[in-house]
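# A look at the structure
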Amino acid sequence: MLRTSVFTSIIILSLYFLSIKRSEASFSEIRYFSLNVPKYIPKNEFVSSEVALKWGEMSLKTMKNTPGGSPTYGSRSLGYLGLTMYECVVAGEAKKKSLVGTLKGLAELPKPEKGQVYNWALSLNSGQAFLLKKLYKQSAPKNITRIDSLEEAIYQNELKTTDGKVAERSKLFGQAIAEAIFEWSKTDGGHEGYKRNFDSTYKVPVGKGLWKAPTRGQSAVAMPLHPYWGKNRTFSPTNSVLPIPEMIKYDFKPDSKYYAYMYEVYTKRKTLTQEEKEIANWWGDDPSQTFSPPGHSYNLANLAVKTAKPDLFKAAETYAKVGMAVADAFINCWKIKFIYNAERPYSFIYYNIDRNWDLYWPEPPFPAYYSGHAVQSAATATVLTELYGTSFKFIDDSHVGRPKDVERSVEYKARSFNSFWAAAEESAMSRLYGGIHTRQDNEMGLVEGKKIGKNINSLPWNIIKK
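Here's a quick rundown of the structure.

### A closer look at the overall build of the chain
Helices and strands together make up the secondary structure of the chain, namely 14 helices and two strands. Scored against the burial criterion, the 466 residues of the chain give a buried share of 54%. Restricting to contacts in the chain with at least 6 residues of sequence separation, those with at least 24 account for 84%. Per element, the accessible surface of the chain, about 21400 Å² overall, is 55% carbon and sulfur.

### Considering the nonpolar core
Judged by nonpolar contacts, the single largest core of 124 residues is most densely connected at Trp55, Leu83, Leu103, Leu124 and Met324. In terms of residue count, helix H10 (residues 312–340) provides more of this core than any other element does, 18 residues in total. Not counting the four nearest positions on each side in its chain, Leu103 is found in contact with Leu83, Trp184, Phe235, Met324 and Leu459.

### As for unusual backbone geometry
The amide bond that connects Tyr369 to the next residue, Tyr370, takes the cis arrangement and shows omega of -10 degrees. Position of Tyr370 among the secondary structure elements: in the loop between helix H11 (345–352) and helix H12 (372–388). Its identity as a non-glycine residue notwithstanding, Lys309 has a phi of 50 degrees, on the positive side. Looking at the element boundaries, Lys309 is found in the loop between helix H9 (292–308) and H10. By relative accessible area, which is 59% here, Lys309 ends up exposed.

### Quick notes on the side chain of Glu93
Residue position: Glu93 is located in the loop between helix H3 (71–89) and helix H4 (120–135). Of the side chains bearing the opposite charge, Lys95 lies closest to the buried Glu93, which forms no salt bridge; the N-O distance is 6.1 Å.

### A closer look at the packing of H9 against H10
In the contact formed by H9 and H10, the axes pass within 10 Å of each other and the chain directions differ by 160 degrees. The orientation of H9 with respect to H10, classified from their angle, is roughly antiparallel. The two elements H9 and H10 cross, and the hand of that crossing is right-handed. Note on element contacts: H10 touches H9 through Ala315, Thr318, Tyr319, Val322, Gly323, Val326 and Phe330, opposite Pro293, Pro294, Ser297, Tyr298, Ala301, Asn302 and Val305. Of the residues belonging to the contact of H9 with H10, the class tally is 10 nonpolar, four polar and no charged.

### Observations concerning the pattern of salt bridges
One pass over the full model with this rule turns up 18 salt bridges. Of the charged contacts in the structure, one is a salt bridge between Glu57 and Lys306, with a shortest N-O distance of 3.5 Å. With a gap of 249 residues between them, Glu57 in helix H2 (residues 50–64) and Lys306 in helix H9 connect regions that are remote in the sequence. By relative accessible area, Glu57 is classed as partly exposed at 34%. A residue is classified by how much of its surface remains accessible, and Lys306, at 37% relative accessible area, is partly exposed. For Asp188, the salt bridge is made with Arg76, and the minimal N-O distance between the two is 2.8 Å. In this pair, Asp188 sits in the loop between helix H6 (164–185) and helix H7 (257–270) while Arg76 sits in helix H3, placing the two residues 112 residues apart along the sequence. Of the two residues examined, Asp188 and Arg76, each falls in the buried class. Because the salt bridges share partners, they merge into one network encompassing Lys96, Glu317, Lys321 and Glu386.

### Side note on the packing of H2 against H3
For the pair H2 and H3, interaxial distance at closest approach is 12 Å and the crossing angle is 160 degrees. Taken as axis vectors, H2 and H3 run roughly antiparallel relative to one another. As H2 runs across H3, the sense of the crossing is right-handed. Taking contact as the criterion, the partners of Ala52, Trp55, Ser59, Leu60 and Met63 in H2 are, on H3, Gly74, Leu78, Leu81 and Met85.

### Focus on the side chain of Arg408
Tracing the backbone shows Arg408 in the loop between strand S1 (394–396) and strand S2 (415–417). The exposure class of Arg408 is buried, given its relative accessible area of 12%. Ignoring any residue separated from it by four or fewer positions in sequence, one finds Arg408 in contact with Arg216, Lys277, Asn281, Tyr360, Trp361 and Pro362.

### A closer look at helix H13 (residues 420–433)
Across its 14 residues, H13 extends 20 Å between first and last C-alpha, which sits within 8% of the 20 Å expected from 1.5 Å per residue. H13 sits mainly inside the fold: 10 of its 14 residues count as buried. Listed as buried for H13 are Phe420, Ala423, Ala424, Glu426, Ser427, Ala428, Ser430, Arg431, Leu432 and Tyr433. Gly435 occupies a position one or two residues after H13 and carries a positive phi of about 80 degrees.

Basis of the calculations
- Residues numbered from 1 in each chain as written.
- Predicted model: local features only at pLDDT ≥ 70, side-chain atom pairs only at ≥ 80, totals over all residues.
- Heavy atoms only, no water.
- Helix = DSSP H or I, 4+ residues; strand = E, 2+ residues; numbered from the N terminus.
- Buried < 20%, exposed > 50% of the residue type's maximum accessible area, 1.4 Å probe, protein only.
- Contact = heavy atoms within 4.5 Å.
- Areas by Shrake-Rupley, 256 points an atom, 1.4 Å probe, with all protein chains shown as cover.
- Core = buried A, V, L, I, M, F, W, Y, C linked by side-chain atoms within 4.5 Å.
- Lys, Arg positive; Asp, Glu negative; His and termini not counted.
- Salt bridge = Lys/Arg side-chain N within 4 Å of Asp/Glu carboxyl O.
- Axes fitted to C-alpha atoms, helices over the stretch in contact; angles between N-to-C directions.
- Parallel < 35°, antiparallel > 145°, perpendicular 65-115°, else oblique.
- Left-handed = near helix turned anticlockwise from the far one by under 90°.
- Nonpolar A, V, L, I, M, F, W, Y, C, P; charged D, E, K, R; others polar.
- Expected span 1.5 Å × (residues − 1).

Here it is, written out as structure tokens:
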């Protein structure tokens with residue numbers, strides 16, 4: 001009897017310790033979020049955002065080094081890259097949901113295999129590499145090689161702690177997501193937009209107060225950039241039906257509000273402080289020399305991730321929200337620009353105030369109202385503030401390392417901000433300092449950008465428990 005009791009006790013204890021071992025083994029695999037276990041992250045587990053950050057940086061490097069880029073096409077690319085990053089990992093986060101069925105035309109995406117383990121960092125890795133090469137297939141071979149090299153380096157690094165079958169499964173899943181999103185992107189109106197930056201068939205309206213191709217412009221082509229971009233599909237369906245904001249009517253009389261706005265630009269050019277010149281240069285973001293205005297906003301996402309060090313899933317959400325907000329901002333901005341076809345300050349000042357007035361910056365090849373810098377900066381600030389709070393201190397180093405602007409005696413020094421909204425307001429004002437926008441353009445851009453960002457925030461990102 002005693003021997004039976006002892007034997008039974010040994011069996012019970014063996015099963016107990018075996019269960020502990022199995023429990024410990026499952027916790028060692030939990031970072032890959034097996035779909036047949038609860039999506040629970042133990043307190044000592046953390047999936048780093050490092051892979052997401054590397055791809056955020058690689059996207060901007062590719063944009064900067066690809067000739068013929070435009071803020072319009074760049075903004076679109078970042079929208080799809082951000083969304084793809086999010087959809088490649090969202091199945092691994094218990095509180096978040098896919099945007100499938102919410103975004104117009106995106107009826108389905110590949111799903112992870114039930115009961116299988118995934119390394120979500122590798123899914124994100126392969127998805128970004130696939131889509132970036134598709135969106136920038138026109139880039140130089142050396143840029144494509146950089147993309148391939150980064151993908152392979154990350155893959156090999158993850159293999160140190162990931163089973164080979166899990167790694168390959170994760171890679172194929174990310175590629176499948178990216179391919180499906182790329183196919184969907186072809187239907188938005190902006191596919192391969194870099195091939196048709198300027199449309200020779202577009203008839204530029206003529207009249208008082210209307211935009212004219214600049215005599216001293218950023219582009220050698222005397223036509224507007226992407227005049228039909230405003231017809232493209234937005235990411236947020238609500239952003240496609242925003243009301244058209246009013247603009248003050250043209251008036252050349254010195255006592256009119258229209259004249260006052262133009263006169264402010266005229267006088268500011270003559271009284272620019274060194275600080276104001278530095279602000280104008282910092283946010284200049286010339287697409288021929290930098291990663292462009294939307295790239296600057298995407299770099300704020302990089303800086304937020306680098307500063308806050310969130311997990312992989314929040315980082316992916318960060319890039320998705322910023323990319324989609326910036327893309328929708330440019331669609332709405334271009335819609336309004338080509339409804340009003342409003343003149344830039346230079347032409348008004350030349351004909352009504354002073355024919356010897358000189359520009360600080362060459363004019364962009366599209367109408368003025370409202371400011372693209374202001375709207376996309378405000379949209380970015382709105383989504384980043386919801387993610388990281390109203391008092392988020394960061395250092396913007398976007399242009400550190402650029403050669404000194406000898407003509408204007410300006411060096412590119414990092415700028416510090418106490419909030420994302422402070423950065424947005426400075427970005428907007430930089431256009432007045434640069435002489436290419438009025439205060440009206442900037443203020444309306446900030447107002448509309450906030451609406452656009454809020455609509456991105458309002459998409460159903462979270463799973464709501466009943």
